[in-house]
Amino acid sequence: QVQLVESGGGLVQAGGSLRLSCAASGRTFSSYAMGWFRQAPGKEREFVAAILWSGGRTYYADSVKGRFTISRDNAKNTVYLQMNSLKPEDTAVYYCAAGYPTSVTMMRGRGYGYWGQGTQVTVSS
């Protein structure tokens, strides 16, 4: 069983930065792929970024490439999402997820067996 707890959300002006953290319980954290997803009001959940268990391979949605960086610290059982140059359209609840998705399902939100409760990110214009 893995529990995921997100933190670091908040209100920021456009152009600003935030760093989200996702702390995981469980001894097998280092074996999981980790993903970040977001859901804005009235919209479907969408993929943001993912990182493989080793941290050597990362994936990003086109909308955040060059602005967001995903990383992980397996010693701390934590995955991070550094968000720079934030835009109002980045406003959403951000969720982290853990599991064993395939390269096909990773960006579709499938294959993740564990999800956090989410943290709100609001970007004002």
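Described in the following lines is the structure provided in the data block. The numbers attached to residues start from 1 for each chain and follow its sequence in the written order. Confidence filtering applies because this is a predicted model: local features only for residues at pLDDT of at least 70, side-chain atom pairs given and counted only at 80 or more, and all residues used for totals across whole chains, interfaces and linings. For the side-chain quantities, the full set of heavy atoms in the structure was used; hydrogens and water were omitted.

The aromatic pairing rule takes the rings of Phe, Tyr and Trp, using the six-membered ring of Trp, and pairs them if the centres are within 6.5 Å, calling planes under 30 degrees apart stacked, those over 60 edge-to-face and the rest tilted. A full pass over the atoms with the stated rule returns 6 aromatic pairs. A centroid spacing of 5.0 Å and a plane angle of 55° characterise the contact between Phe-37 and Trp-115, whose relative ring orientation is tilted. Of this pair, Phe-37 sits in strand β4 (residues 33–39) while Trp-115 sits in strand β10 (residues 112–115); the two residues are 78 residues apart in sequence, bridging distant segments of the chain. A relative accessible area of 27% means that Trp-115 is categorised as partly exposed. Here a set of aromatic residues connected by ring pairs shows up, and it is made of Phe-37, Phe-47, Tyr-112 and Trp-115. Arg-45 extends its terminal NZ or CZ atom over the ring of Phe-37, reaching a point 5.5 Å from the ring centre. Elements are defined by DSSP. Helices are runs of H or I of four residues or more, strands are runs of E of two residues or more, and each kind is numbered from the N terminus. Partly exposed residues are those whose accessible area sits between 20% and 50% of the maximum for their type, while under 20% is buried and over 50% is exposed, using a 1.4 Å probe and protein chains only. Distance and angle both matter: a charge sits over a ring if NZ of Lys or CZ of Arg is within 6 Å of the ring centre and within 35 degrees of the ring normal.

Two cysteine sulfurs form what is called a disulfide whenever their separation falls within 2.5 Å. For the structure on display, the rule yields 1 disulfide. A sulfur-sulfur distance of 1.9 Å marks the disulfide that ties Cys-22 to Cys-96. Between Cys-22 and Cys-96, the S-S dihedral sits near 45°, and the bridge is therefore right-handed. In this pair, Cys-22 is assigned in strand β3 (residues 18–24) and Cys-96 in strand β9 (residues 92–99), connecting sequence segments 74 residues apart. This pair shows no difference in class: Cys-22 is buried, exactly as Cys-96 is.

Next up on the list: the pattern of salt bridges. Take a side-chain nitrogen of Lys or Arg and a carboxyl oxygen of Asp or Glu: if they are within 4 Å of each other, that pair is a salt bridge. Taken as a whole and judged by the stated rule, the model has 4 salt bridges. Between Glu-46 and Arg-38 there is a salt bridge, and its shortest N-O distance comes to 2.5 Å. We classify Glu-46 as partly exposed; its relative accessible area is 35%. Of the residues examined, Arg-38 reaches a relative accessible area of 5% and is grouped as buried. Between Arg-67 and Asp-90 there is a salt bridge whose closest N-O contact spans 2.7 Å.

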